[in-house]
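Letter by letter, the chains look like this.
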Amino acid sequence: MVRVAVISGSASPNRTGAPVVAWIADKLRAAGAEVDVVDLQDLALPFYDEPNLPRLRRYVHQHTKDWSARVDAADAFVFVAPEYNGSFPAILKNALDYLHHEWHYKPAGLVTYGGGLTAGFRGAQALRQILAALYMVPIQEAVAIPFIKEHVDGSGFRPDARMDQAADGMIRELLRVQGVLKTLNMPEPKTDY
Ligand SMILES: Cc1cc2nc3c(=O)[nH]c(=O)nc-3n(C[C@H](O)[C@H](O)[C@H](O)COP(=O)(O)O)c2cc1C
């Protein structure tokens with residue numbers, strides 16, 4: 001069974017995106033995946049505090065060892081992130097920075113949302129650069145949700161038909177690409193940092 005970590009990148013105590021996380025996790029389960037939902041607020045990593053480079057994997061803190069094991073266990077990721085000031089939240093960059101090999105050669109689907117019309121597109125573009133630096137493979141098919149508060153209420157997330165279709169396409173591609181990446185013989189990492 002494919003294990004997908006759904007990583008919630010909200011830094012706000014309101015977590016407008018929580019029903020979006022539940023929606024995409026349900027869809028992944030329906031597609032046959034095993035899902036680990038990671039709420040970065042609950043994970044509560046401090047600001048990056050390892051003395052050694054992540055690529056050396058010589059972690060000294062228990063919180064890093066735990067995070068490493070959790071990311072290692074995943075075959076693929078779905079990042080659910082709000083847009084903050086034209087990018088993605090710092091809490092997510094911090095969680096990404098902690099590790100190196102654990103992210104390598106795994107596909108990543110993006111679900112972004114925002115308070116305005118941009119639907120988190122700018123956050124998604126910024127995130128793609130970082131994912132590529134960590135040898136992840138961002139999936140082109142993505143979900144982008146504008147005016148998030150119009151789609152979330154007490155009963156959960158109310159996607160329109162296009163969002164549903166986009167999510168299904170993203171999940172299909174994520175699982176397909178994951179199967180191919182799994183067969184890659186892990187080469188030595190090429191970065192020297
Ligand atoms: C610091 C900050 C910056 C924001 N910048 C943007 C932005 O650039 N574009 C946008 O569409 N919404 C922006 N918003 C609105 C959030 O995307 C929106 O409130 C969203 O619901 C937050 O999701 P969350 O509660 O799950 O963290 C911003 C919100 C905050 C707190």
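Treat the numbers as computed from the prediction; the structure is a model and nothing was measured.

K.L.:
Which parts of the structure should I look at to understand the site of the ligand?
P.N.:
Neighbouring the ligand are 16 residues; Ser10, Thr16, Pro82, Gly114 and Gly115 lie closest to it. Across the shell around the ligand, the residue classes tally to 3 nonpolar, 11 polar and 2 charged.

K.L.:
Would you mind showing me how to read helix 1 (residues 18–30) here?
P.N.:
Taking 1.5 Å as the rise per residue, helix 1 with 13 residues should run 18 Å; its terminal C-alpha atoms sit 19 Å apart, in good agreement. Where helix 1 is concerned, the buried positions are Val20, Val21, Trp23, Ile24, Lys27 and Leu28. Seen from one end, helix 1 has its buried residues packed into an arc of 160°, which puts them on one side. In helix 1, the exposed positions that point more than 90 degrees away from the buried face belong to Arg29 and Ala30. Directly after helix 1, the chain includes Gly32, whose backbone phi takes a positive value near 100°.

K.L.:
Would you mind going over the nonpolar core with me for this structure?
P.N.:
Soluble globular proteins tend to bury their nonpolar side chains together. Membership of the largest hydrophobic core comes to 51 residues, with the highest contact counts inside it found for Val6, Ile24, Phe79 and Val80. In this structure, Val80 is in contact with Val6, Ile7, Ser8, Gly9, Gly17, Val20, Val21, Ile24 and Val111, ignoring residues within four places of it in sequence.

K.L.:
So what exactly am I meant to see when it comes to unusual backbone geometry here?
P.N.:
Note: most residues except glycine have negative phi, and most peptide bonds are trans. For Ala119, which is not glycine, the phi torsion reads 60° and is therefore positive. Mapping Ala119 onto the fold places it in the loop between strand 4 (107–113) and helix 5 (121–133). Here Ala119 falls in the buried class, since 20 other C-beta atoms lie within 10 Å of it. With a phi close to 65°, Tyr135 is a non-glycine residue in the positive phi region. Since 17 C-beta atoms lie within 10 Å of it, Tyr135 is described here as partly exposed.

K.L.:
Sorry if this is basic, but what is going on with the environment of Val21 here?
P.N.:
Assignment of secondary structure puts Val21 in helix 1. Residue Val21 is classed as buried on the basis of its C-beta count, with 22 C-beta atoms lying within 10 Å. Each C-alpha atom of the pair Val21 and Ala124 lies 16 Å from the other, and the pair is 103 residues apart in sequence. Each residue touching Val21, except ones within four places of it in the same chain, is listed here: Val6, Ser8, Val37 and Val80.

K.L.:
Please clarify how the pairing of strand 1 (residues 3–8) should be interpreted in this entry.
P.N.:
Look at any regular strand and the pattern is simple: side chains alternate between the two faces of the sheet. Taken across its 6 residues, strand 1 has 5 buried, putting it largely inside the fold. As defined by bridge partners, strand 1 adjoins strand 2 (residues 34–39) across 6 bridges and the pair is classed as parallel. Bridging across to strand 2, Arg3 finds its partner in Glu34. Of the crossover connections in this fold, the one passing from strand 1 over helix 1 to the parallel strand 2 is right-handed.

Procedures and definitions
- Per chain, residue numbering runs from 1 following the sequence as it is written.
- The predicted nature of this model means local features are confined to residues of pLDDT at least 70 and side-chain atom pairs, given and counted, to a pLDDT of 80 or more, with totals for whole chains, interfaces and linings taken over all residues.
- What makes a residue near a molecule or strand is its C-beta atom, placed from the backbone, lying within 6 Å of it.
- Note that Gly is not counted as nonpolar here; it falls among the polar residues with everything else outside the nonpolar set of Ala, Val, Leu, Ile, Met, Phe, Trp, Tyr, Cys and Pro and the charged set of Asp, Glu, Lys and Arg.
- By the criteria applied, helices consist of DSSP H or I runs no shorter than four residues and strands consist of E runs no shorter than two, each listed in order from the N terminus.
- An expected span of 1.5 Å times one less than the residue number is assigned to each helix.
- Burial is judged by counting the other C-beta atoms within 10 Å of a residue's own C-beta: 20 or more makes it buried, 12 or fewer makes it exposed, and any count in between marks it as partly exposed, with every C-beta position built from the backbone.
- By construction, the arc corresponds to the directions joining the helix axis to the C-beta atoms.
- Take the buried Ala, Val, Leu, Ile, Met, Phe, Trp, Tyr and Cys residues, join any whose C-beta atoms are within 7 Å, and the set you get is a nonpolar core.
- We call two residues in contact when the distance between their C-beta atoms, placed using the backbone, is within 7 Å.
- The rule for pairing is simple: two strands pair if DSSP sees at least two bridges between them.
- A right-handed crossover is one whose linking path, passing over the helix from the first strand to the second, runs clockwise when the strands point away from the viewer.

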